[in-house]
Amino acid sequence: MDSTSLDLTAVDAYLKSHLPGYCGPLQARKFAIGQSNPTFLLKTPDQSYVLRRKPPGALLKSAHAVDREFRVQSALANSAVPVPKMYLLCEDGDVIGSDFYVMEHLEGRVFLEPTLSGETDATRSAVLDEVNRVLADLHEVDIDAAGLSDYGPPGNYFERQIARWIKQYRASETANIPEMDALMTALEGSIPADDGQRTLVHGDYRIDNLMFEKDGTHCIGVLDWELSTIGHPYADLAAVIMQWQMPPGAEGRGLAGIDRASLGLPSDQAFVDQYCQRRGLSGIDNFGFYLAFNFFRMAAILQGVFKRAQDGNASDPERATILGSYVPMFARHGLDAIEG
């Protein structure tokens, strides 16, 4: 098994001292998916675990916060939002060179694309209904009761996020992209007034960050909480719709041009309406802004991935370079959304 970027001897020694019931010997395999925080399957003769770590090297401030991922999933342990069990968090960078946490290894299936190739119409419909259900439940979590009221700062979420991602984008900028400059200006000038909604948000909610049971359509785990915070729920909802506007296939992983009705897949509006019904909302105004925000944030994230590849710190340098080339396209989509 490939143990690239992971000191197995150090991990084994740490788990023996800190994880009750752990017994080696230990093997590890790095998951191919995930560009941000390297993730490993840990296997012993008796049990499997998952380890997520910060990547090595110089990192942008506030990025790769595995401690936040650990905290939010621990807080959701008894909620309607399914998450893996959290075992331990190590914030001693001397152990393997960066912070990491260990969690339950869920055994299920992940759908990489919303087309759900190979599934029946009934299964497709049920899976996307579950995507909708989990999202609505996520936004109904009582953040005070869950101990997460301080998980994000107060104030206008979009104002804060746009400022943050502009700063992150500028810190990783490698060339001038006029579309990004135009999109950032447009977003700063059209932030909606704060409507008082303050919920837990995932920050990267899409079908390939959800795990489903092996032989059914029930979601057993929401994964990859790196961008989670307390903010505005429409950011998550629009993230789903943003993904669907991408081309289908391994790269775009979207639904553009797909005859959704023939496959049992909902339209954008039907998905939004279903979400609103679950949360008791009458509808959503100015949805184009929320969509544009997501295109912008994804473009900024991809730029950061590209910069890490140039700096030699990317989890998968070749794919990181490809993803970085999509930044202008995401910026153009964002402009179309906010101007439409």
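Here, the structure is the one placed above.
On a predicted model such as this, the values are computed, not experimentally measured, just so you know. (Residues numbered from 1 in each chain as written. Predicted model: local features only at pLDDT ≥ 70, side-chain atom pairs only at ≥ 80, totals over all residues. Heavy atoms only, no water.)

Peer 1: Help me understand the environment of Lys 307, please; the structure alone is not making it clear to me.
Peer 2: Following the sequence through the fold, Lys 307 ends up in helix H9 (residues 287-311). Setting aside chain neighbours within four positions, we find Lys 307 in contact with Ser 172 and Thr 174. (Helix = DSSP H or I, 4+ residues; strand = E, 2+ residues; numbered from the N terminus. Contact = heavy atoms within 4.5 Å.)

Peer 1: Would you explain the packing of aromatic side chains in this entry?
Peer 2: Think of a pair of aromatic rings as described by two things: how far the centres are apart, and how the planes are tilted against each other in angle. Inspection of the entire model under this criterion finds 15 aromatic pairs. With a centroid separation of 6.1 Å and an interplanar angle of 50°, the aromatic rings of Tyr 22 and Tyr 49 are classed as tilted. Highlighted residues: Tyr 22 in the loop between helix H1 (8-18) and strand E1 (27-30) and Tyr 49 in strand E3 (residues 48-53), separated in sequence by 27 residues. Neither residue differs from the other here; Tyr 22 and Tyr 49 are each classed as buried. With a centroid separation of 5.2 Å and an interplanar angle of 50°, the aromatic rings of Phe 158 and Tyr 290 are classed as tilted. Note that Phe 158 is positioned in helix H4 (residues 157-172) and Tyr 290 in helix H9, a separation of 132 residues in sequence. On the basis of relative accessibility, which here comes to 3%, the residue Phe 158 falls in the buried class. (Phe/Tyr/Trp six-rings, centres within 6.5 Å; stacked < 30°, edge-to-face > 60°. Buried < 20%, exposed > 50% of the residue type's maximum accessible area, 1.4 Å probe, protein only.)

Peer 1: How should I be thinking about unusual backbone geometry in this particular structure?
Peer 2: Negative phi values dominate among residues other than glycine, just as trans dominates among peptide bonds. Omega for the peptide link from Gly 24 to Pro 25 comes to 5°, which places this bond in the cis form. Tracing the sequence through the fold places Pro 25 in the loop between H1 and E1. At Asn 286, a residue that is not glycine, the phi angle is positive and equals roughly 60°. Position of Asn 286 relative to the elements: it lies in the loop between helix H8 (268-279) and H9. A residue is classified by how much of its surface remains accessible, and Asn 286, at 47% relative accessible area, is partly exposed.

Peer 1: Where do I start with helix H11 (residues 327-339) in this structure?
Peer 2: Because each turn of an α-helix spans 3.6 residues, side chains separated by three or four positions end up pointing in the same direction. For H11, built from 13 residues, the straight-helix expectation of 18 Å at 1.5 Å per residue is met to within 8% by its first-to-last C-alpha distance of 19 Å. Among the residues of H11, those classed as buried are Val 327, Phe 330, Ala 331, Gly 334, Leu 335 and Ala 337. The buried residues of H11 occupy an angular sector of 165° when the element is viewed end-on, so they sit on one face. What points out from H11, more than 90 degrees from its buried face, is the exposed set Asp 336 and Glu 339. Buried residues in H11 make contact with H4, helix H5 (178-188), helix H6 (233-244), H9 and helix H10 (317-324). (Expected span 1.5 Å × (residues − 1). Arc of directions from axis to C-beta.)

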